[in-house]
Amino acid sequence: MYGMVNKFISTTVINRYGQKEWDKINSKLPFTTDTFIEMQSYTDDVTFGIVGTAVEVLDVDIAKFLEEMGFDWVLETSKGSYQSMYSMVSGGMYEFIENLNNMHHVISSQLSEITPPSFLCQKGDENDIYVKYFSERDGLEPFVLGLLSGLSAYFKEPATIELLSTKNTDQPFSEFKITLK
């Protein structure tokens with residue numbers, strides 16, 4: 001993953017648990033996170049190592065932490081460097097999710113080593129949206145759940161979001177259901 005993701009983990013910890021907790025986590029890492037270059041690629045092991053150390057020090061469930069990270073990612077990127085991509089969407093959460101692949105394509109042109117996920121979005125009943133999430137990385141469904149919750153908050157479209165199924169040998173995607181309230 002890219003340095004921006006590795007740096008972002010500290011943002012979630014500091015905002016939710018405090019600077020002292022981040023300092024404890026940072027002191028246990030075999031490297032300094034201050035040296036990450038946002039647009040440089042790092043192995044997934046580095047990112048998952050930071051997350052693993054964080055959940056150990058904070059004594060929180062990894063799924064909960066990943067969900068918090070996903071939610072916070074939307075809040076931070078929507079007012080940060082990706083603000084323009086959020087503001088280009090006028091149709092709300094469905095349109096944004098429907099265009100995530102296009103957004104990742106634009107980002108891929110700048111970050112050559114990125115391995116972005118892809119999303120297939122379709123409307124169900126009147127208030128339901130189904131999202132198929134395809135990724136080479138396993139175990140990030142809680143992060144995506146947080147992203148979808150963050151989008152619900154950002155677009156002011158209250159919703160319940162549930163994971164319907166997880167990628168397996170017979171199904172190359174995980175599926176989420178968003179029910180707008």
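This is a predicted model, so every value here is computed, not measured.

**A short note on the overall build of the chain**
A tally of helices and strands in the chain yields eight helices and four strands. In the chain, the succession of α and β elements from N to C terminus is α-α-α-α-α-α-α-β-β-α-β-β. For 181 residues, the compact-globule estimate of 2.2 N^0.38 gives 16 Å, and the chain sits close to it at 16 Å. The 181 residues of the chain split such that 45% are buried. Intrachain contacts of the chain at a sequence separation of at least 6 include 59% that bridge at least 24 residues. Of the accessible surface of the chain, which amounts to about 9700 Å², a share of 51% is contributed by carbon and sulfur atoms.

**A look at the side chain of Gln171**
Looking at where Gln171 falls in the secondary structure, it is placed in the loop between strand E3 (159-165) and strand E4 (174-180). Residue classification places Gln171 among the buried positions, given a relative accessible area of 18%. At a separation of 2.8 Å, a polar atom in the side chain of Gln171 contacts the side chain of Ser165. Within the structure, the side chain of Gln171 is placed 2.8 Å from the backbone oxygen of Phe173, a separation counted as a polar contact.

**Side note on the environment of Glu126**
Turning to its location among the elements, Glu126 is positioned in the loop between strand E1 (118-123) and strand E2 (128-134). Along the primary structure Glu126 and Ala63 are separated by 63 residues, whereas in three dimensions their C-alpha atoms are 30 Å apart.

**Observations regarding the sheet that holds E4**
Taking strand neighbours across the sheet as the criterion, the four strands line up as E1-E2-E4-E3 in an open arrangement whose pairing is antiparallel. Either end of the sheet is taken by a strand with one partner, and the two such strands are E1 and E3. Each adjacent strand pair in this sheet contributes to an overall mean axis angle of 20°, direction not counted. Inspection of the sheet shows E2 paired to E4 by six bridges, in the antiparallel sense. Paired with Lys132 across the strands is Glu175, a residue of E4. Lying on the sheet, helix H8 (residues 141-154) is in contact with E1, E2, E3 and E4; it crosses E3 at an angle near 155°.

**Regarding the packing of aromatic side chains**
Taken as a whole and assessed by the stated rule, the structure comprises 10 aromatic pairs. Centroid distance Tyr86 to Phe96: 4.8 Å. Interplanar angle 20°. Geometry classified as stacked. Residue Tyr86 is found in helix H5 (residues 83-87), and its partner Phe96 is found in helix H6 (residues 93-98); the two are separated by 10 residues along the sequence. For Tyr86, a relative accessible area of 5% gives the class buried. Arranged with centres 5.7 Å apart and planes meeting at 50°, the rings of Phe96 and Phe155 form a pair that is tilted. Taken together, the positions of Phe96 in helix H6 and Phe155 in the loop between H8 and E3 put the pair 59 residues apart, joining distant regions of the chain. In terms of burial, Phe96 and Phe155 fall into one category: buried.

Criteria and cut-off values
Residues numbered from 1 in each chain as written. Predicted model: local features only at pLDDT ≥ 70, side-chain atom pairs only at ≥ 80, totals over all residues. Heavy atoms only, no water. Helix = DSSP H or I, 4+ residues; strand = E, 2+ residues; numbered from the N terminus. Rg over C-alpha atoms; globule rule 2.2 N^0.38 Å. Buried < 20%, exposed > 50% of the residue type's maximum accessible area, 1.4 Å probe, protein only. Contact = heavy atoms within 4.5 Å. Areas by Shrake-Rupley, 256 points an atom, 1.4 Å probe, with all protein chains shown as cover. Polar contact = N/O pair within 3.5 Å; in protein donor to acceptor, adjacent residues only side chain to side chain. Pairing = 2+ DSSP bridges. Axes fitted to C-alpha atoms, helices over the stretch in contact; angles between N-to-C directions. Phe/Tyr/Trp six-rings, centres within 6.5 Å; stacked < 30°, edge-to-face > 60°.

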